[in-house]
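Geometric and topological summary
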Amino acid sequence: MNINGDLQINKVDICCGLSWGDEAKGKIVSNLASSGNYDFVCRWAGGNNAGHTIYLNGKKYKTHIVPCGVFNNITSIIGPDCVIHPESFFKEVEYLRENGFNEKCIKISPNTHIVQHFHINEDKEKYGYQGTTNNGIAPCYGDKYLRKGIRAIDCPDLSEYIWDEKLWGNVLCEGAQGFWLDINYGNYPYVTSSTTVPYGACSLGFPPQKISKIYGAAKIYDTRSGTDPDFPETLLEDRDLMKLVEIGGEIGTTTGRIRKTNWLNIDKLIFACNKSGTTDIIISKVDIIEELGIFKLFHNEKIINLNSINEMKNYITTNIISNCPLVTTIIYSYSAETI
């Protein structure tokens, strides 16, 4: 253990989701990492129940547990509050290797817990009603907190990837899922099994005083994979929303399921910004809602109808600036552009 390691850290930037996941966090992290300003890219929670889609030189890549720093040859750490299924991990490593990326930069915290086959079976048998990905995540976390789990340090097959727990320089932390899937803030029990808020990243071994920027990711409309009474099946019967699904390609990276889609809930977005401490908010897929040509959002539990994309952006900006004192920057992102 490096007792004084945190004193060598210059700053920590964090990217977190402000919605229900699928907010282009992978794109944001990959773009930030490509700047050459970071020494580490780290995941702090979740397992291969998450998914990131990255486009490099016109080609699409997908990851589920490995942080996006791997695409820029930056040391990419799977943190101690993550869970890892070795078989899935090695498949992902092989996929990255075959596509020309350096797997040697991938590291796993010795305290990361191991998803075992019986965790996956238990997940399938008991928790399907919660809309899980059937990857054994919740049972693995359950064993961790029952203090009977197996950690990465206990698995010889992972020995070459074990991280020495040292951080220095500039650190970028990559969130999984989103604020409204957080174990504490989401629509319990239809939540993930770990904390998605950015302060959970401190589990990697740095003090919160080192946090510089918090990049909050959202879309200009809301989507949700899996089961949640707040996203009822009737949404799949709405012609306009299903057109939004089609134009936006709203299919889950990990599950392949159609994401239920709804108009942006600006009240929830404001709440998530304030609770997460977001300083820079990136709102993506502006071109998708523009192509649809329907500009709606929820505010104060009412649907607000707007006349154009500019009017919609101005409405969102005004309300975020008025209600989110920590937000200093708002960026509207189009699907094909670099953030």
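The following paragraphs examine the structure supplied in this document.

Cut-off values and rules
Residues numbered from 1 in each chain as written. Predicted model: local features only at pLDDT ≥ 70, side-chain atom pairs only at ≥ 80, totals over all residues. Heavy atoms only, no water. Pairing = 2+ DSSP bridges. Helix = DSSP H or I, 4+ residues; strand = E, 2+ residues; numbered from the N terminus. Axes fitted to C-alpha atoms, helices over the stretch in contact; angles between N-to-C directions. Contact = heavy atoms within 4.5 Å. Buried < 20%, exposed > 50% of the residue type's maximum accessible area, 1.4 Å probe, protein only. Polar contact = N/O pair within 3.5 Å; in protein donor to acceptor, adjacent residues only side chain to side chain. Parallel < 35°, antiparallel > 145°, perpendicular 65-115°, else oblique. Left-handed = near helix turned anticlockwise from the far one by under 90°. Nonpolar A, V, L, I, M, F, W, Y, C, P; charged D, E, K, R; others polar.

**A short note on the sheet that holds strand β11 (residues 221-224)**
Read across the sheet, four strands follow the order β11-β12-β14-β15 without closing on themselves; strand pairing throughout is mixed. Lying at the two open borders of the sheet, with one neighbouring strand each, are β11 and β15 (302-306). Strand-to-strand twist of the sheet, defined as the mean angle between neighbouring strand axes without regard to direction, takes the value 45 degrees. Bridge analysis of strand β14 (residues 295-299) against β15 gives five bridges, and the strand direction is antiparallel. Across the sheet, the residue bridging to L297 is I304, located in β15. Across the sheet, helix α6 (residues 266-276) is in contact with β12 (260-265) and β14; its angle to β12 comes to roughly 75 degrees. Lying on the sheet, helix α8 (residues 309-323) is in contact with β12, β14 and β15; it crosses β14 at an angle near 20 degrees.

**Description of the pairing of β14**
Along β14, the buried face is formed by F295, L297 and H299; none of K296 and F298, which line the opposite face, is buried. Taken together, the two bridges between β12 and β14 define a ladder with parallel strand orientation. By the bridge assignment, L264 is partnered in β14 with L297. From the end of β14 to the start of β15, which pair antiparallel, there are two residues, and N300 there has a positive phi angle of about 55 degrees.

**With respect to helix α5 (residues 239-248)**
The complete set of buried residues in α5 reads L241, L244, V245, I247 and G248. One side-chain oxygen at the N-terminal end of α5 lies 3.0 Å from the backbone nitrogen of D240; it belongs to D238. Where α5 terminates, the next one or two residues include G249, which has phi positive at roughly 60 degrees.

**What to know about the environment of W168**
Structurally, the position occupied by W168 is in the loop between α4 (137-145) and β9 (169-174). Using a relative accessible area of 41% as the deciding quantity, one classes W168 as partly exposed. Sequence spacing of W168 and R239 is 71 residues, and the spatial spacing of their C-alpha atoms is 51 Å. Non-local contacts of W168, meaning those with residues more than four positions away in its chain, are made with Q8, I9, D39 and F40.

**Quick word on the packing of α6 against α8**
As a packed pair, α6 and α8 sit with axes 10 Å apart at the nearest point and diverge in direction by 40 degrees. Here α6 is positioned oblique relative to α8, judged by the angle of their axes. As for how α6 packs across α8, the hand of that crossing is right-handed. Across the interface between the two elements, I266, L269, I270 and N274 from α6 touch Y315, I316, N319, I320 and N323 from α8. Of the residues in the contact of α6 with α8, the class split is six nonpolar, three polar and no charged.

**Section: the sheet that holds strand β2 (residues 40-43)**
Reading across the sheet, the eight strands line up as β7-β5-β2-β9-β1-β10-β13-β16 and stay open at both edges, with parallel pairing between neighbours. Whereas interior strands pair on both sides, the edge strands pair on one side only; in this sheet they are β7 (106-108) and β16 (329-332). Pairs of neighbouring strands in the sheet enclose a mean axial angle of 20 degrees, with direction left out of account. Pairing analysis gives three bridges linking strand β5 (residues 75-78) to β7, with the strands arranged parallel. Bridged to I78 within β7 is I108. Relative to β16, α8 is tilted by about 160 degrees, and along the sheet it contacts β13 (280-284) and β16.

**What to know about the side chain of D280**
Along the chain, the position of D280 falls in strand β13. D280 gets classed as buried once you look at its relative accessible area, which sits at 6%. Polar side-chain contacts of D280 include one of 2.8 Å to the side chain of T279.

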